[in-house]
Amino acid sequence: MLNFAVGPVMMEDKILRLGAEQIPYFRTAEFSAIMKENEEMMRQCMGAGNGSRVLFLTGSGTAAMEAVVWNVFTSRDHVLVVNGGSFGARFAKLCRIHRIPCTEICLPFGQTLTEADLAPYDGQGYTGFLVNLLETSSGVSYDIDLISRFCHKNGCLLACDAVSSFLADPLFMEKQGIDVVLTGSQKCLALPPGLSVITLNARAVRRVEENEIESMYFDLKDCLKNGERGQTPFTPAVSVLIQLHARLEDITKRGVESEFARTSELAAHFRRGIEGLPLEITSARLSNAVTPLHPLNTSAYSVFLTLKDEYDIYVCPNGGDQADQVFRVGHMGHLTKADNQKLLDAFSDMQRRGLL
Ligand SMILES: *Cc1c(COP(=O)(O)O)cnc(C)c1O
């Protein structure tokens, strides 16, 4: 099986082997040490500054999205949400559920956010900004420097969902003026699903500490307090955290830049490979993490099904009204150029058979 989906993704053998081991009891000095190191290595990978904290939640990326909306903002905020697809819509829905006043900046499918899109909101008293750095549903990567400039000028607290872009595209929290970044285990971290990670800078930590929320499991104050001793309030995804430790050790040894470079090279290799095939890239601003494609001669969903059923290869289908229009090829996880070639060969074979 080859998996080019956008999570879960291919994992290294070393990570798979760790997942097959017995799980230790975790209220111990040994596990706390692993967690403290996880926090330090995550902080390093995020380029987070002094006073920043990293929290580990048992739950998929959406759990971290909900925890951030709920704990960082209040009903006294007015938050801007970039909605260019299903993940942007999810942030807006979370704001409505938790009664955080929000305004959506809606973008057409495949389009990116521009200076002109932001202009009407400048100087209007917004206090927060929520954005999915890579809107995975459309494969559009937003310009973080543009957004950060706007937030700095307007005094907005900037919270970014980097579930799909962390480790694929350069991201440096402190340098780029980002207050909160959340990510998940099953994308470029290339671990099993079930763990999400929230990094808060000192300003965001203060916000969480001052905010009273009506929840037990999602109360990040409790996570902050337990994290001081390398623990979590409740049983964490112990084995995934041990796998995370191994993965972060490798990444920090090589440097996070080498991770960006590897993903970028893989994406470029694939994009060169599809030249001449009846496939059109649909994103106005690509990430290294994923290539969204519109097949010119056939249904996108049928390409997904044929690859799965006849070639044992997964790509990622789109949902809703894009299902027949667009499918996505991920460049996340333990993939190589030889794997790319297998997918490109399958495309050529399908073309020969009149299926592409
Ligand atoms: C995958 C993803 C998530 C998390 O989705 P889950 O299914 O909850 O893991 C959140 N945001 C983005 C941009 C994603 O790509």
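Everything that follows concerns the structure shown earlier in this document.
Cut-off values and rules
Residues numbered from 1 in each chain as written. Predicted model: local features only at pLDDT ≥ 70, side-chain atom pairs only at ≥ 80, totals over all residues. Heavy atoms only, no water. Helix = DSSP H or I, 4+ residues; strand = E, 2+ residues; numbered from the N terminus. Expected span 1.5 Å × (residues − 1). Buried < 20%, exposed > 50% of the residue type's maximum accessible area, 1.4 Å probe, protein only. Arc of directions from axis to C-beta. Near = heavy atom within 4 Å. Polar contact = N/O pair within 3.5 Å; in protein donor to acceptor, adjacent residues only side chain to side chain. Areas by Shrake-Rupley, 256 points an atom, 1.4 Å probe, with all protein chains shown as cover.

**Considering helix α4 (residues 86-97)**
Here is step 1 of the chain: With 12 residues, α4 should cover 16 Å at 1.5 Å per step; its first-to-last C-alpha distance of 16 Å lies within 8% of that length.
Here is step 2 of the chain: Among all positions of α4, only F87, G88, F91, A92, L94 and C95 are buried. Down the axis of α4, the smallest arc covering the buried residues is 155°, so these residues share one side. Those residues of α4 that are exposed and aimed more than 90 degrees away from the buried face are K93 and R96.
Here is step 3 of the chain: A positive backbone phi angle near 55° is found at R99, which sits one or two residues after α4.

**Here we look at the site of the ligand**
Here is step 1 of the chain: Near the ligand you find 13 residues, and of these S60, T62, T136, D161 and K187 are the closest.
Here is step 2 of the chain: A distance of 2.5 Å is found between an oxygen atom of the ligand and a side-chain nitrogen or oxygen belonging to S60.
Here is step 3 of the chain: In this structure, Q186 approaches the ligand through a side-chain N or O atom, which is 2.8 Å from an oxygen atom.
Here is step 4 of the chain: Across the complex, the protein chains shield 87% of the 380 Å² of accessible surface that the ligand would expose by itself.
Here is step 5 of the chain: Counting only elements with at least two residues in the shell around the ligand, the list comes to α3 (61-72) and α4.
Here is step 6 of the chain: Among the elements that line the shell around the ligand, the one with the most residues is α3, at three residues.

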